[in-house]
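Here are the chains, one letter per residue:
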Amino acid sequence: MLPSFFDSVLQLIVRTSTDLPPDVRAAMKHARAAEPEGTRASQALAIIAQNIDLAVDHEGAICQDTGMPTFEVHVPVGANQIWMRAQIREAVAEATRRGKLRPNSVDSITGQNSGDNLGPGTPIVHFDQWERDEIEIKLILKGGGCENTNAQYALPVELPHLGRADRTLDGVRRCILHAVWNAQGKGCSPGAVGVCVGGDRTSGYMHAKDQLFRTLDDVNPDERLRDLEASIMSTVNALEIGAMGFGGKVTLIGCKVGALNRLPASFFVSVAYDCWAFRRLGVVLNASSGTIEKWLYRDPSHPIIPMIDQAGFTRTGREISLNTPLTEDAVRALKVGDVVMVSGRMFTGRDAVHSHLMKHEPPVDLRGSVLYHCGPVVVKEGERWRVTAAGPTTSIREEPYQGEIIRRYGVRAVVGKGGMGAKTLAALKDHGAVYLNAIGGAAQFYARSIKSVDGVSLMEFGTPEAMWHLTVEGFPAIVTMDAHGNSLHS
Ligand code: SF4
């Protein structure tokens, strides 16, 4: 067997989770330069840039949602794919043990987390043979927030505000615009889209995801698709959605379109959205030893140029300090657009915690509390826990519960990303609470504002879903829904 195969795959996983490829870094630098200083988009991109630097410097996960590991493997004819698959699975489990991947694989019926990222269907490993005497492995880590925004259209279709999308390239264009518009706030922007025109429902989605393996600066050999990509980029970046949907000039950093043949009766357009935490790398391995002969997408002989030359949150002087527990007066004084710096106790809670709180009393007193929609990466060091990645998750999933939880338990601030709906907005107004939008994906940045892990409740839900008791200091976020009925998201 190949003695170095396991170590090479492990290196690939760790590097992919912690270091963005140069083409994505370049696109994010360009995005940062495009936003005027002092704007919310500029502040968000500054945090993202620091987060990218922190991740590579400390070999920490760029985003706490390390997503669904998807491997595309090319092997010489005759290679033992059964053995390689087992080695890849073992490397995924080891990267999870080391805290480089979050345990993300749950039983779809019971919700039980396997704890090691292994289970039916996870990780995804696709093999192809080729007539070369080397092994190529590409890996993409695509998180749930952006995966949930993927979309598939069967043309012709009527699209709200965009009219009918016919079976033409203009119809394809409308579908992509619709998908990007719907993704705002859920998949952390600026992001990129991979698109497949045609195929069937399954191959269309797979080919759309395959487009994300293209570098952002490549040139589509098909002139029609090249023009479509350019048209999408210019149209979307004129929409002013911006980073995190805060408004701004850069919403998309890439659009890559491919095409597959289709049945005459079908015309699918499949869109795979990826966020700014666009984690994709690859390696070429020696077919006899499994050692890495070449990295794809990056050149290790080139030094990594930092994204930012000044660490720390770029303050404008208008930031408001909030200390927990929060009073109703302090919360009602806030308005949409305020930038706040939170210090004190914060509790995490996402899907399982919210569902639990609808039927049971909370394990801690939540009066005046800050509830953070976050599934952190947490590692145990001796008797202590340490958070190694802790950015916000998509809040809208908690919309069915949030208003009731605010009302029953006196929560004063909810922190997450992407905003919430009308029920939560009404509860914020009625009971004196705010929604704070943190910067999606900035897992390393926010992990450093966590000064201690003081306890954990509901551990039976697994580490990402448990309720962590955190002490934070200077945790920046933007008020996007206030206690006066205003929402930036609407
Ligand atoms: S950056 Fe945002 S959308 Fe992307 S994986 Fe992280 S939380 Fe999900």
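Whatever comes next refers back to the structure up there.
What comes next is a walk through the structure. Here the residue index of a chain counts from 1 through its sequence in written order. Only residues with pLDDT of at least 70 are given local features in this predicted model, and only at 80 or more are side-chain atom pairs given and counted; all residues enter the totals for whole chains, interfaces and linings. Working from all heavy atoms in the structure, the side-chain values ignore hydrogens and water.

Considering the site of the ligand
Distances are taken per atom, and a residue is near a molecule or strand as soon as one of its heavy atoms is within 4 Å of it. Of all residues adjacent to the ligand, which total 13 residues, the nearest are C63, C188, C275, R279 and G441. Of the residues contributing to the shell around the ligand, the split by class is six nonpolar, four polar and three charged. Gly falls in the polar group here, along with every residue not listed as nonpolar (Ala, Val, Leu, Ile, Met, Phe, Trp, Tyr, Cys, Pro) or charged (Asp, Glu, Lys, Arg).

Some remarks on the environment of N486
Within the secondary structure, N486 is located in the segment after β20 (467-481). Take N486: its relative accessible area is 38%, and that puts it in the partly exposed class. Throughout, a contact is declared for two residues whenever any of their heavy atoms are within 4.5 Å. Sequence-distant contacts of N486, that is, excluding residues within four places in its chain, are made with V336, L425, T480 and M481. We count a stretch as a helix when DSSP gives it H or I for four or more residues in a row; a strand needs E for two or more, and each element gets its number in order from the N terminus. With a 1.4 Å probe rolled over the protein chains alone, any residue whose accessible area is under 20% of its type maximum counts as buried; one over 50% counts as exposed, and the rest are partly exposed.

Some details on the nonpolar core
To define a nonpolar core, start from buried Ala, Val, Leu, Ile, Met, Phe, Trp, Tyr and Cys residues and group those joined through side-chain atoms within 4.5 Å. Membership of the largest hydrophobic core comes to 129 residues, with the highest contact counts inside it found for F71, I137 and W276. Ranked by size, the runner-up nonpolar core spans 19 residues in total, among them V353, L371, M420 and M481.

Concerning the pattern of salt bridges
Opposite charge on two side chains lets them pair, provided their charged atoms get close. Salt bridges are identified by distance alone: a Lys or Arg side-chain nitrogen within 4 Å of an Asp or Glu carboxyl oxygen. Going through the model one piece at a time under the given rule, you end up with 27 salt bridges. The closest approach of N and O atoms between R332 and E328, which form a salt bridge, is 2.8 Å. Of the two residues, R332 and E328 both sit in helix α9 (residues 328-332), four residues apart, roughly one turn of that helix. The class for E328 is partly exposed, based on a relative accessible area of 33%. Between R397 and D351 there is a salt bridge, with its nearest N and O atoms 2.8 Å apart. Note that R397 is positioned in the loop between β16 (384-389) and α11 (399-409) and D351 in helix α10 (residues 351-357), a separation of 46 residues in sequence. The class of R397 is partly exposed, set by a relative accessible area of 26%.

A short note on the pairing of strand β17 (residues 413-416)
Within a regular beta strand, the side chains point alternately toward one face of the sheet and then the other, so they alternate between its two faces. The two faces of β17 match: A413 and V415 on one face and V414 and G416 on the other face are all buried. Pairs of strands are assigned from DSSP output, requiring at least two bridges between the strands. Relative to β17, strand β14 (residues 370-372) is paired through three bridges, and the arrangement is parallel. Pairing of V370 across the sheet is with A413, part of β17. Sheet topology places β17 next to strand β18 (residues 434-437); four bridges connect them, and they run parallel. Bridge pairing in β18 links A413 to V434. You can see the chain leave β17, run along helix α12 (residues 422-431) and come back into β18, and the turn it takes is right-handed. Crossover handedness is defined here as right-handed if the route from the first strand over the helix to the second strand goes clockwise, with the strands pointing away from the viewer.

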